[in-house]
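Next come the chains, spelled out residue by residue.
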Amino acid sequence: MSHVLVLVDAADGPIRKPALELLTLARRFGRPAAVIFGAVGGTAVEHLGRFGAATVYVVDDPAVREYLVLPKVDVLAEIAGRLQATGDLAGVLAGAGPEGKEIAARLAIRLGSGIITDAVDVTTDDNGRPVATQSVFAASFIVKSQVTVGAPVIVVKPNAVAPEEAPRTPEVEQVKVTLSDLARAARITSRAVRESSDRPELTDASVVVSGGRGLGGAEAFGLIERLADQLGGAVGASRAAVDAGWYSHSHQVGQTGKTVSPQLYVAAGISGAIQHRAGMQTSKTVVVVNKDPEAPIFELADFGVVGDLHVVLPRLSEEIDRRRS
Ligand code: FAD
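Definitions and limits used
Residues numbered from 1 in each chain as written. Predicted model: local features only at pLDDT ≥ 70, side-chain atom pairs only at ≥ 80, totals over all residues. Heavy atoms only, no water. Buried < 20%, exposed > 50% of the residue type's maximum accessible area, 1.4 Å probe, protein only. Helix = DSSP H or I, 4+ residues; strand = E, 2+ residues; numbered from the N terminus. Contact = heavy atoms within 4.5 Å. Pairing = 2+ DSSP bridges. Axes fitted to C-alpha atoms, helices over the stretch in contact; angles between N-to-C directions. Near = heavy atom within 4 Å. Polar contact = N/O pair within 3.5 Å; in protein donor to acceptor, adjacent residues only side chain to side chain. Areas by Shrake-Rupley, 256 points an atom, 1.4 Å probe, with all protein chains shown as cover. Salt bridge = Lys/Arg side-chain N within 4 Å of Asp/Glu carboxyl O. Parallel < 35°, antiparallel > 145°, perpendicular 65-115°, else oblique. Left-handed = near helix turned anticlockwise from the far one by under 90°. Nonpolar A, V, L, I, M, F, W, Y, C, P; charged D, E, K, R; others polar.

Here we look at helix α6 (residues 221–230)
So, step 1. Every buried residue belonging to α6 is among F221, I224, L227, A228 and Q230, and all of these are buried.
So, step 2. On its buried side, α6 packs onto β11 (207–211), β12 (234–237), α7 (239–243), β13 (264–268) and α9 (309–324).
So, step 3. Of the residues trailing α6, G232 is marked for its positive phi of about 65°.

What to know about the sheet that holds β13
Sheet strands associate in pairs through backbone hydrogen bonding, adopting either a parallel or an antiparallel arrangement.
So, step 1. What the 5 strands build is an open sheet, ordered β12-β11-β13-β14-β15; its pairing is parallel. Because the sheet does not close on itself, it has two edges, and the strands there are β12 and β15 (303–306). Adjacent strand axes in the sheet meet at a mean angle of 15° when their direction is disregarded.
So, step 2. With 4 bridges connecting them, strand β14 (residues 285–290) and β15 associate as parallel partners. The residue of β15 that forms the bridge with N290 is V306.

Things to note about the pairing of strand β2 (residues 31–37)
Two faces belong to every sheet, and in a regular strand the side chains alternate between them.
So, step 1. Across the 7 residues of β2, 6 count as buried, placing the element largely inside the fold.
So, step 2. When strand β1 (residues 3–8) meets β2, the two strands line up parallel, connected through 6 bridges. Counted as the bridge partner of L5 is A33 from β2.
So, step 3. Of the pairings in the sheet, the one linking β2 to strand β3 (residues 55–59) comprises 5 bridges and is parallel in character.

Describing the site of the ligand
So, step 1. Near the ligand there are 26 residues, and of these R213, S238, Q252, T256 and S271 occur at the shortest range.
So, step 2. The backbone of G269 places a nitrogen or oxygen atom 3.0 Å from an oxygen atom of the ligand.
So, step 3. In this structure, N290 approaches the ligand through a side-chain N or O atom, which is 2.8 Å from an oxygen atom.
So, step 4. Coverage of the ligand by the protein chains reaches 76% of its 980 Å² of free accessible surface.

Thoughts on the pattern of salt bridges
So, step 1. Summed over all chains, the structure comprises 17 salt bridges.
So, step 2. In this structure, E165 and R50 form a salt bridge, with 3.0 Å as the shortest nitrogen-oxygen distance. Separated by 115 residues along the polypeptide, E165 in the loop between β9 (153–156) and β10 (171–174) and R50 in helix α2 (residues 42–50) bring together distant segments of the chain.
So, step 3. By relative accessible area, which is 47% here, E165 ends up partly exposed.
So, step 4. For R50, a relative accessible area of 36% corresponds to the partly exposed category.
So, step 5. For E225, the salt bridge is made with R199, and the minimal N-O distance between the two is 3.9 Å. A residue pair is termed long-range when its members are at least 10 positions apart, and E225 in helix α6 and R199 in the loop between β10 and β11 qualify at 26 residues.
So, step 6. For R199, a relative accessible area of 23% translates into the label partly exposed.
So, step 7. One network of salt bridges, with partners in common, ties together E78, R82 and E173.

As for the packing of α6 against α9
So, step 1. α9 packs onto α6 with a crossing angle of 25° between their chain directions and a minimal axis gap of 10 Å. By the angle between their axes, α6 is roughly parallel relative to α9. Seen from above, α6 lies across α9 with left-handed handedness. Where α6 approaches α9, its residues L223, I224, R226, L227 and Q230 are matched on the opposing element by L309, H310, L313, P314, L316, S317, E318, I320, D321 and R324.
So, step 2. Tallied by class, the residues present in the contact of α6 with α9 amount to 8 nonpolar, 3 polar and 4 charged.

So, the packing of helix α4 (residues 70–85) against helix α5 (residues 98–111)
So, step 1. Relative to each other, α4 and α5 sit at 45°, their axes nearing to 9 Å. By the angle between their axes, α4 is oblique relative to α5. Once α4 is placed against α5, the crossing between them reads as right-handed. Across from L70, K72, V73, D74, L76, A77, A80, G81 and Q84 in α4, the residues of α5 making contact are E99, I103, R106, L107, R110 and L111.
So, step 2. Broken down by class, the residue content of the contact of α4 with α5 amounts to 8 nonpolar, 2 polar and 5 charged.

In structure tokens form, the structure reads like this:
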């Protein structure tokens, strides 16, 4: 079986869930080979092996972190080129963050391959070749597509699949990096660590609870946070809410914010403007709380409550507490 290269976004931290999802999808059409950048401990390799990585390429060179994406593209192109030369490359999977998308696009050009972005699932055809599923136009259409040129490069949104274990002991290959002049063209001059909470990262979370202008003020985000914590979820917000200064811009969901694709998305006091939908339309289950039965967000809702969120959300939280006690 040919290899499927999986770009692991670990940035010297723990292996995050989207990487395990990619390994699970990669197994559907080849032998997963993870490529991980940074100082990787034994537990990271073990973790990747637990989710089916047959090979782990470790690229542990601090110089890679000094520059933007080109060193990573160079390394991936070198590994992919080697596999391609022996007919051993079934495809490449990357996560749908800004870096994953840019690396995948540049890599596809280097490999002369077709690329599909924002996939929400990857299955196979009768010949075992990958078929990507995309959900478009506010989830009104499901599109299935296949790369017809070269080894397919597919960019997958988080939460496309539940990670499944398939334990094995991976072969580990340390990869040497030679930085080209082009790769040195743009250097990172500083990094600031973002304040983090105990809540999951918005783009990875399997549950997102979002609030909009209907909250009426910053303090009402307490209702959103309470529900998010009860469900182990992240907090999202509409642009109207963040522009009003009620919550941080880093939590904005939508066209000019973050794209989320959780198992459960709760939208409270959000009307469902097209720019907001663009960031959450691939959520698996959508629950809406809005006092206006005509609000467009109801078109996406699997479950909807027409009512005042200041009444509905506390009751919902109380009911969750009651059932758990
Ligand atoms: P509103 O549209 O004002 O809706 C508030 C909703 O709350 C209403 O449906 C109302 O019925 C309901 N409500 C009011 N009171 C209550 C209550 N007590 N209980 C229950 N429901 C109540 N928006 C984004 O979200 N993300 C983006 O990334 C984004 N990018 C944009 C990019 C561009 C170029 C442009 C032009 C716009 C963008 N917008 C974005 C803005 C977008 O068009 C909407 O203006 C915004 O999403 C509206 O936010 P909202 O739904 O919170 O507010």
